[in-house]
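Chain by chain, the residues run as shown.
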Amino acid sequence: MFNHVEHYAGDPILGLMDKFANDPRTDIKVNLGVGVYYTEDGKLPVLECVKTAEAQIANPPRPRGYLPMDGLAGYKKACQDLLFGNDSQIVKDGRVATIATLGGSGALKVGADFIHEWFPNAKCYVSNPTWANHIGIFEGAGIEVAKYPYYDAQTIGVKFDEMCEFFKGLNENDVVLLHPCCHNPTGVDLTNDQWDVVLDIVKDKKLIAFMDIAYQGFGEDMESDVYAIRRAVDMGLPIFVSNSFSKNLSLYGERVGGLSVVAPSKEEADRVQGQLKFTVRRIYSSPPSHGNNVVDIVMNDEALFEQWVGEVYEMRDRIREMRQKLQDTLTAKLPERDFSYFTKQRGMFSFTGLTAEQVVRLRDEFAVYMVENGRMCIAGLNNKNVEYVANAMAEVLK
């Protein structure tokens, strides 16, 4: 019956995790592949604010009824406050349709299905490179996907002029998928001035900006990291924004994400809200309750919110520290090379510049695992392994 079904080769990043787990070398092996934040002790953290929220949920235990299709009201408010500001006029005017989703991936999926239904001629353009699942999700929704110029391997920066010229050649209602901060996989972000130029083109060409932000707080700070989103709002642009609490609340398995659509009017936002709920109904009916409740409690309690922001900045600063130590050790080993890009990049990821062959050597000879395109998850480094990793990288770079 199933002889015609094609083989699935597996996700390269998740497959890398399996290889790491099965590696018999126990003296030292380092996982820098998966996009997960680990503590200095190499552990997945449970944030203190989350512990407090979960204690409230458990005492007394709450019934586990179905949530509304679009999630808890407090959860949706949390998404809107973080993205658009506590006193946002567009929220007051009812111009934002927001739903809770199954992680950031679920937000992308619901958004892609909506776009395919109501803008059937739209094509989606993603940065070269981008997170591979961006392509899979939009193609899975029936949307043609292509890439726009972004990363410049020579300068370890952005091909900004090429990117802008490319956008000028797109058609009305084409989708440009943008990373407001902590670009995945490169860690190379646009400056605020560059965002202004890009968004002017988006407005002039009447493109659909779909902004995917999974790392708010890991770049500069909670406010600075959403500059592009709020600038687009100020310009009157209708936009899609997918956000995730997986990383900054360390709630990966709870699947806590959101999709917000900024519309020109309340009447249009209401229509969009209804269609987003209809899309959810056809896929998973309603979001899971535990993560929704944790986010609701943490984000809407002033003291817990402030505690959360502090914990996010501790994670951000530890990543910055690891970037600096990696750069310093590599510079000492190979002084003729410039490794300053490690501290210029932002967020959990770095494009190391390593070739696929060098990445394989790192894995086979040194048990250091990263994605074959050279993407490294900086959050997997700590004071116990950063020098070892730097020395291993220096060896394969010689």
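Residues numbered from 1 in each chain as written. Predicted model: local features only at pLDDT ≥ 70, side-chain atom pairs only at ≥ 80, totals over all residues. Heavy atoms only, no water.

Glancing now at the nonpolar core. Counting residues in hydrophobic clusters, the biggest one holds 107 residues, and the most contacted among them are F167, L249, W308 and L326. The element that contributes the greatest number of residues to this core is helix 12 (residues 302-333), accounting for 9 residues. In this structure F167 touches Y148, V176, L178, V198, I201, K205 and L207, once residues within four positions along its chain are discounted. A107, F114, C124 and V126 belong to the second largest nonpolar core, which has 27 residues in total. (Core = buried A, V, L, I, M, F, W, Y, C linked by side-chain atoms within 4.5 Å. Buried < 20%, exposed > 50% of the residue type's maximum accessible area, 1.4 Å probe, protein only. Helix = DSSP H or I, 4+ residues; strand = E, 2+ residues; numbered from the N terminus. Contact = heavy atoms within 4.5 Å.)

On to the sheet that holds strand 4 (residues 145-149). Strand pairing in a sheet relies on backbone hydrogen bonds. The paired strands run either parallel or antiparallel. The 7 strands are arranged 2-10-9-8-7-3-4 in an open sheet whose pairing can be described as mixed. The two strands at the open ends of the sheet, each matched to only one other strand, are strand 2 (96-102) and strand 4. Here the strands of the sheet are splayed against their neighbours by 25° on average, with no regard to which way each runs. The pairing of strand 3 (residues 124-128) with strand 4 spans 5 bridges and is parallel. The partner of C124 across the bridge, within strand 4, is V145. This element, helix 3 (residues 73-84), spans strand 2, strand 8 (208-213), strand 9 (239-244) and strand 10 (256-262) of the sheet and lies at about 115° to strand 2. (Pairing = 2+ DSSP bridges. Axes fitted to C-alpha atoms, helices over the stretch in contact; angles between N-to-C directions.)

Locating T98 in the fold gives a position in strand 2. Since its relative accessible area comes to 2%, T98 is described here as buried. In this structure the side chain of T98 is engaged in a polar contact, spanning 2.9 Å, whose partner is the side chain of S260. If we skip the residues at most four places from it in the chain, T98 touches D70, K76, C79, Q80, L259, S260 and Q273. (Polar contact = N/O pair within 3.5 Å; in protein donor to acceptor, adjacent residues only side chain to side chain.)

The subject of this paragraph is unusual backbone geometry. Residues N128 and P129 are joined by a peptide bond in cis, for which omega reads 5°. Positionally, P129 belongs in the loop between strand 3 and helix 6 (132-140). For the bond from N184 to P185, the omega torsion is 25°, close enough to zero to count as cis. Here P185 is to be found in the loop between strand 7 (175-178) and helix 8 (192-205). In the Ramachandran plot, I156 falls in the positive-phi region, its phi being about 50° despite a non-glycine side chain. On the secondary structure map, I156 appears in the loop between strand 5 (151-152) and strand 6 (157-158). Relative accessible area serves as the criterion here: at 24%, I156 is assigned to the partly exposed category.

What follows concerns helix 9 (residues 227-234). The complete set of buried residues in helix 9 reads A228, I229, R230, A232 and V233. Packed against the buried residues of helix 9 are helix 3, helix 4 (89-92), helix 8, strand 8, strand 9 and strand 10. Backbone geometry just after helix 9 places G236 at a positive phi near 80°.

Next up on the list: helix 10 (residues 266-283). For helix 10, spanning 18 residues, the distance from its first C-alpha to its last is 26 Å, which sits close to the expected 26 Å at 1.5 Å a residue. Listed in full, the buried residues belonging to helix 10 are A269, V272, Q273, L276, T279 and V280. Looking straight down helix 10, one finds its buried side chains confined to an arc of 125°; they lie on one side. Along helix 10, the residues that are exposed and aim more than 90 degrees away from the buried face are R271 and R281. (Expected span 1.5 Å × (residues − 1). Arc of directions from axis to C-beta.)

Relative to the elements of secondary structure, Y8 occurs in the segment before helix 1 (12-22). Separated by 336 residues in sequence, Y8 and K344 have C-alpha atoms that sit 37 Å apart.

Here we come to the side chain of R230. Within the secondary structure, R230 is located in helix 9. For R230, a relative accessible area of 19% puts it in the buried group. Among the polar contacts listed, one links the side chain of R230 to the backbone oxygen of L82, at a separation of 3.1 Å. At 3.0 Å, the side chain of R230 and the backbone oxygen of L83 are in polar contact. Look past the residues within four positions of R230 in its chain and what remains in contact with it is D81, L82, L83, F84, G85 and E223.

As a further point, take the state of the cysteines. According to the stated counting rule, one finds 0 disulfides in the structure shown. In this model C181 remains outside any disulfide bridge; the closest cysteine sulfur is found in C182, 4.0 Å from its own. The class for C182 is buried, based on a relative accessible area of 2%. (Disulfide = S-S within 2.5 Å.)

Let us now look at the packing of helix 7 (residues 160-168) against helix 8. The interhelical angle for the contact between helix 7 and helix 8, taken along N-to-C directions, is 10°, at an axis separation of 9 Å. Relative to helix 8, the element helix 7 lies roughly parallel. Every residue of helix 8 that contacts helix 7 at F160, M163, C164, F167 and K168 is listed here: Q194, V197, V198, I201 and K205. Split into classes, the residues belonging to the contact of helix 7 with helix 8 amount to 7 nonpolar, 1 polar and 2 charged. (Parallel < 35°, antiparallel > 145°, perpendicular 65-115°, else oblique. Nonpolar A, V, L, I, M, F, W, Y, C, P; charged D, E, K, R; others polar.)

Moving on to the environment of Y148. Topologically, Y148 is positioned in strand 4. A C-alpha to C-alpha distance of 9.6 Å links Y148 and L177, two positions 29 residues apart in sequence.

The values reported here are purely geometric and, on their own, carry no functional implication.
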